[in-house]
Amino acid sequence: MKVLHLISSGGMYGAEAVILNLSRALEQDSHRSILAVFANSTNPNLQLHEAAQQQGIESHPIACKGQLDRSAIRAIHHLATQIGADVIHAHGFKADIYAFLALRKRRIPLVSTCHTWYDTSFLVSFYGKLDRAVLRSYARVVAVSEEVRQRLLKAGVHDSNILKIRNGIDLHPFARPIPSPDTAIQPNRELVVGLVGRLAWEKGIDILLAAAAKVIPQFPTVRFVIAGEGPDHEALQQTIHSLNLSNQVTLAGRRNDMPAVYASFDIMVSSSRQEGLPIAILEGMATGLPLVATAVGEVPTVVINNTTGLLIPAENPDRLAAAILELLRDPAKRACLGTAARQLIATDYSAERMTTEYLHIYEQAIQQVRNK
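Residues numbered from 1 in each chain as written. Predicted model: local features only at pLDDT ≥ 70, side-chain atom pairs only at ≥ 80, totals over all residues. Heavy atoms only, no water.

> Break down the packing of aromatic side chains for me, citing the residues and quoting the values.
Each pair of aromatic rings is reported with the distance of its centres and the angle of its planes. Inspection of every chain in the model, using the stated rule, returns 5 aromatic pairs. Arranged with centres 5.9 Å apart and planes meeting at 70°, the rings of Phe174 and Tyr262 form a pair that is edge-to-face. With Phe174 in the loop between strand E7 (162–163) and strand E8 (192–196) and Tyr262 in helix H9 (residues 258–264), this pair connects stretches of sequence that are 88 residues apart. On the basis of relative accessible area, Phe174 is assigned to the buried category, the value being 6%. In this structure Tyr262 comes out as buried when scored by relative accessible area, which is 1%. One aromatic cluster in this structure is built from Phe93, Phe126 and Tyr127. Above the ring of Tyr349, the side-chain terminus of Arg166 is found at 5.3 Å from the ring centroid. A cation over an aromatic ring shows up here: Arg198 above the ring of Tyr13, its NZ or CZ 5.9 Å from the ring centre. (Phe/Tyr/Trp six-rings, centres within 6.5 Å; stacked < 30°, edge-to-face > 60°. Helix = DSSP H or I, 4+ residues; strand = E, 2+ residues; numbered from the N terminus. Buried < 20%, exposed > 50% of the residue type's maximum accessible area, 1.4 Å probe, protein only. Lys NZ or Arg CZ within 6 Å of the ring centre and 35° of its normal.)

Here it is, written out as structure tokens:
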């Protein structure tokens, strides 16, 4: 089977990790996985394209100018025809719309993995509504959370075409990683609380900073490290300065050594306001980290309170600070939660399991198109 993945990527985040994990597993299972990554004129982010090529996965940049580029639509159509794609797997609203426009007259099944819509502005909300309308024509849509599923149903996507697949990761890099020697990641071998994610409103990093300001007076040797990049970098840097946290909090930026970064943390935090099921959570748990996470999206399906981590309400710095302090003061509990977390990920969240489920969906989509 030949699967063409299409994405407009803003960096190496959860969707990109899913694509790479899925592509490697597909190739190992004697299928072909080909990537098409938008090279947008305003932000030609090709990190995923480059990472795929480094791993021996075929990838093609798709030049795209403006909101609706007819040449990009033609390029997608040409690439799908040239490689003889059996399935088009779109990721994100731009990919969903362009795949539909490029291939709506072809008998190639369209599959989408649908994350969430944040509705942070009128324009983003409009694109979300347009995306959900387009997805009514897709053979199969994978919803990453029940909230996403409900919004798809409300938009008119048929219930039988919506499925949920748990994300999966390649477990091997996280089996026995060596901590980073970078003092920005592991300063002076002190206890480190880490967060990995895009620097954006939905990730609630400002909530973590408010919690850090409450934790540090009670546990002054702790350090907070935030790995990731995004549009809120400057605002978060200003918040760190205004809270007098510059000596205790580091914005570490994008990292290419994530197993080592996770291995440098003692506790991991996910403070999201909105979420599906973050790949970062799975990777941190696979490393054996005890987790403090907000109970949003599908997070409670993997972070089981007082078993594989601690769950707290979203947007509650007091509860977040209390949970972090609880784990900082209890090494035995950290070890117990981390062990249980690693075992759960190894059992239920492998890339191989995820790939098997996606292959089943691809086959369903192909059969549906053939029967029309």
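> An account of the pattern of salt bridges is needed here, citing residue identities and associated values.
All chains considered together, the criterion is met by 18 salt bridges. For Asp170, the salt bridge identified is with Arg24, shortest N-O distance 4.0 Å. A residue pair is termed long-range when its members are at least 10 positions apart, and Asp170 in the loop between E7 and E8 and Arg24 in helix H1 (residues 14–28) qualify at 146 residues. Arg24 sits in the partly exposed class, given a relative accessible area of 22%. Residues Arg198 and Glu202 are paired through a salt bridge, measuring 3.6 Å at the closest nitrogen-oxygen approach. Among the residues examined, Arg198 registers a relative accessible area of 32% and is labelled partly exposed. (Salt bridge = Lys/Arg side-chain N within 4 Å of Asp/Glu carboxyl O.)

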